[in-house]
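Chain by chain, the residues run as shown.
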Amino acid sequence: MARTGRSREATTRRVRREALREIAIKAVAAGTDREDIVRACYAVLADLEEETGDAYEDPSGERVLELMDALTGFCGSHYRI
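What comes next is a walk through the structure. Not measured: the values here are computed from a predicted model.

### Side note on the overall build of the protein
Counting secondary structure elements, the protein contains four helices and zero strands. Reading the protein from its N end, one meets helices and strands in the order α-α-α-α. Looking at the protein as a whole, 36% of its 81 residues are labelled buried. Of all intrachain contacts in the protein linking residues separated by at least 6 positions in sequence, the fraction that spans at least 24 positions is 62%.

Dropping the structure here:
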């Protein structure tokens with residue numbers, strides 16, 4: 001999955017957790033591989049790291065990490081994608 005201007009935009013603004021989740025659910029339903037979405041998430045985290053110095057402490061970074069957890073199953077069954 002190639003990075004787009006949309007992934008760059010997600011690094012510079014605060015994105016609601018559920019909005020990210022809904023995008024991922026629609027992408028998976030459309031046939032996008034979960035691993036491709038996870039790779040895109042890593043790219044967003046790298047951009048956040050450059051911009052903020054600590055992607056893991058940034059609220060947007062936390063939301064991206066939560067999405068990655070939902071995609072990989074590292075969460076409760078009710079939140080898995």
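### What about the nonpolar core?
Within the largest apolar cluster, 18 residues are counted, with the highest numbers of intra-cluster contacts made by Ile37, Cys41, Val64, Leu67, Met68, Leu71 and Ile81. Of all the secondary-structure elements, those providing two or more residues to this core are helix H2 (17–29), helix H3 (34–52) and helix H4 (59–72). Looking at which element gives the most residues to this core, the answer is H3, with six residues. When sequence neighbours within four positions are dropped, the list of residues in contact with Leu71 reads Ala24, Val28, Arg34, Ile37, Val38 and Ile81.

### What to know about the environment of Arg80
Topologically, Arg80 is positioned in the segment after H4. The exposure class assigned to Arg80 is partly exposed, which follows from its relative accessible area of 44%. Measuring from C-alpha to C-alpha, the distance between Arg80 and Leu67 comes to 9.0 Å, with 13 residues separating the pair along the chain. Polar side-chain contacts of Arg80 include one of 3.4 Å to the backbone oxygen of Gly73.

### Points about the packing of aromatic side chains
In this description, an aromatic ring pair is defined by two values, namely the gap between the centres and the angle between the planes. For the structure on display, the rule yields zero aromatic pairs. The residue whose ring lies beneath Arg21 is Tyr79, and the NZ or CZ to ring-centre distance is 4.1 Å.

### Section: H2
Taking 1.5 Å as the rise per residue, H2 with 13 residues should run 18 Å; its terminal C-alpha atoms sit 19 Å apart, in good agreement. Contacts made by the buried residues of H2 are with H3 and H4. Just past H2, the residue Gly31 takes up positive phi, approximately 105°.

Calculation criteria
- Residues numbered from 1 in each chain as written.
- Predicted model: local features only at pLDDT ≥ 70, side-chain atom pairs only at ≥ 80, totals over all residues.
- Heavy atoms only, no water.
- Helix = DSSP H or I, 4+ residues; strand = E, 2+ residues; numbered from the N terminus.
- Buried < 20%, exposed > 50% of the residue type's maximum accessible area, 1.4 Å probe, protein only.
- Contact = heavy atoms within 4.5 Å.
- Core = buried A, V, L, I, M, F, W, Y, C linked by side-chain atoms within 4.5 Å.
- Polar contact = N/O pair within 3.5 Å; in protein donor to acceptor, adjacent residues only side chain to side chain.
- Phe/Tyr/Trp six-rings, centres within 6.5 Å; stacked < 30°, edge-to-face > 60°.
- Lys NZ or Arg CZ within 6 Å of the ring centre and 35° of its normal.
- Expected span 1.5 Å × (residues − 1).

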